[in-house]
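# Architecture at a glance
Listed here are the chains, written in short residue letters.
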Amino acid sequence: DGGITQSPKYLFRKEGQNVTLSCEQNLNHDAMYWYRQDPGQGLRLIYYSQIVNDFQKGDIAEGYSVSREKKESFPLTVTSAQKNPTAFYLCASSLRTGNTEAFFGQGTRLTVV
Amino acid sequence: AQSVTQPDIHITVSEGASLELRCNYSYGATPYLFWYVQSPGQGLQLLLKYFSGDTLVQGIKGFEAEFKRSQSSFNLRKPSVHWSDAAEYFCAVGGYGGATNKLIFGTGTLLAVQP
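In this report, we go over the structure that sits alongside the text. (Residues numbered from 1 in each chain as written. Chains lettered and ligands numbered in written order. Predicted model: local features only at pLDDT ≥ 70, side-chain atom pairs only at ≥ 80, totals over all residues. Heavy atoms only, no water.)

### Quick look at the state of the cysteines
- Per the counting criterion, the structure on display carries two disulfides over all chains.
- Between the sulfur atoms of Cys 23 of chain A and its disulfide partner Cys 91 of chain A the distance amounts to 1.9 Å. With the S-S dihedral at roughly -75 degrees, the linkage between Cys 23 of chain A and Cys 91 of chain A falls on the left-handed side. Of this pair, Cys 23 of chain A sits in strand β3 (residues 19-25) while Cys 91 of chain A sits in strand β9 (residues 87-94), and the two are 68 residues apart along the sequence.
- Note that Cys 23 of chain B is cross-linked by a disulfide to Cys 91 of chain B, the S-S spacing being 2.0 Å. What sets the handedness of the Cys 23 of chain B and Cys 91 of chain B disulfide is the S-S torsion sign, and at about -65 degrees it is left-handed. With a gap of 68 residues between them, Cys 23 of chain B in the loop between β3 (19-21) and β4 (24-26) and Cys 91 of chain B in strand β10 (residues 87-94) connect regions that are remote in the sequence. (Disulfide = S-S within 2.5 Å. Helix = DSSP H or I, 4+ residues; strand = E, 2+ residues; numbered from the N terminus.)

### With respect to the sheet that holds β3 of chain A
Residues and elements named next belong to chain A.
- In space, the four strands of this open sheet follow the order β1-β3-β8-β7, with antiparallel pairing throughout. In this open sheet, the two strands that pair with only one neighbour each are β1 (4-7) and β7 (64-66). Each adjacent strand pair in this sheet contributes to an overall mean axis angle of 20 degrees, direction not counted.
- Note: β3 against strand β8 (residues 76-78), three bridges, orientation antiparallel. Note on β8: the bridge partner recorded for Thr 20 is Thr 77. (Pairing = 2+ DSSP bridges. Axes fitted to C-alpha atoms, helices over the stretch in contact; angles between N-to-C directions.)

### Some remarks on the layout of surface pockets
- Approximately 430 Å³ is the volume found for the largest pocket.
- In this structure, the largest pocket is lined by 22 residues; those nearest its centre are Gln 37, Pro 39 and Gly 40 of chain A together with Gln 38 and Glu 88 of chain B.
- Of all the secondary structure elements, the ones that give two or more residues to the lining of the largest pocket are β9 of chain A together with β10 of chain B.
- Examining the composition of the lining of the largest pocket, we find that three residues originate from one element, β10 of chain B, more than from any other.
- One number sums up the size of the second largest pocket: a volume of about 200 Å³.
- If you list the elements that add at least two residues to the lining of the second largest pocket, you get β5 (32-38), β6 (44-50) and β10 of chain B.
- Among the residues making up the lining of the second largest pocket, the classes are represented as seven nonpolar, seven polar and two charged. (1 Å grid on protein atoms, 1.4 Å probe; cavity = no way out; pocket = protein on both sides within 12 Å on 5 of 7 lines; lining within 4 Å. Points joined across faces, edges and corners; volume = space filled by probe spheres on them. Nonpolar A, V, L, I, M, F, W, Y, C, P; charged D, E, K, R; others polar.)

### So, the side chain of Gln 6 of chain A
Residues and elements named next belong to chain A.
- In this structure, Gln 6 sits in strand β1.
- The exposure class of Gln 6 is buried, given its relative accessible area of 10%.
- Side-chain polar atoms of Gln 6 contact the backbone nitrogen of Gly 107, separated by 3.0 Å.
- Sequence-distant contacts of Gln 6, that is, excluding residues within four places in its chain, are made with Ser 22, Trp 34, Tyr 89, Leu 90, Cys 91, Gly 105, Gln 106, Gly 107 and Thr 108. (Buried < 20%, exposed > 50% of the residue type's maximum accessible area, 1.4 Å probe, protein only. Polar contact = N/O pair within 3.5 Å; in protein donor to acceptor, adjacent residues only side chain to side chain. Contact = heavy atoms within 4.5 Å.)

### Here we look at the interface of chain B and chain A
- Each partner contributes residues to the interface: chain B has 23 residues there, and chain A has 23 residues.
- Between chain B and chain A lies a buried interface of about 1,900 Å² when both sides are counted; carbon and sulfur atoms form 52% of it.
- The salt bridge partner of Glu 101 of chain A is Lys 49 of chain B, with a shortest N-O separation of 2.6 Å.
- The tally of links between chain B and chain A comes to five residue pairs in polar contact (both at pLDDT 80 or more).
- Of all elements in the fold, only β5, β6, β10 and β11 (103-105) of chain B reach the threshold of two or more residues within the side of chain B that touches chain A.
- Here the side of chain B that touches chain A gets four residues from one element, more than from any other, and that element is β5 of chain B. (Buried area = accessible area lost by both parts, 1.4 Å probe. Salt bridge = Lys/Arg side-chain N within 4 Å of Asp/Glu carboxyl O.)

What follows is the structure, given as structure tokens:
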């Protein structure tokens, strides 16, 4: 089955630790996105990538980093510089950026204690 | 700048009643518009999309939306709501070319359905 897989579904980390969220897709999509979701704020774009080895900052990139070494994978690292990392993180992919529909993973809920 | 506004944070309707969720967008060129639905703790599922052509688009689960360029709106409608429609609904706008090819979402409208 084609789709997007985010892992893990729940993640707990201590404050000050970096943590990496996994996102893999087998849809052969060029574009991939990371969003952060907080209650009442909708989905805010963290980073997006239009093609392998290329990515751009979204609206709230501070404290996050990404890589796109393979077409199928777009991992997100939440660094210790992110002041409020506890949130629901959603990964998505689309055939191209912006003008094609995005397909979403099931999300990772990160809790920093 | 590219943006989406969903003015209604929370809406409650009775089962069987009609529904309209509002969405206004800001975009410098012809927009690509989407409506997604999210159940609690889950990812988003596409309901429908508008790229060009007929301004009234049909989607899954009996939903439809109408693109009105003069009002910069893309409102979602359903003639008769079912209890299973209770969820959060997100409008999104995308584009193509340069810095405007991001996919931007609104803040969402939470729909509650009364029996």
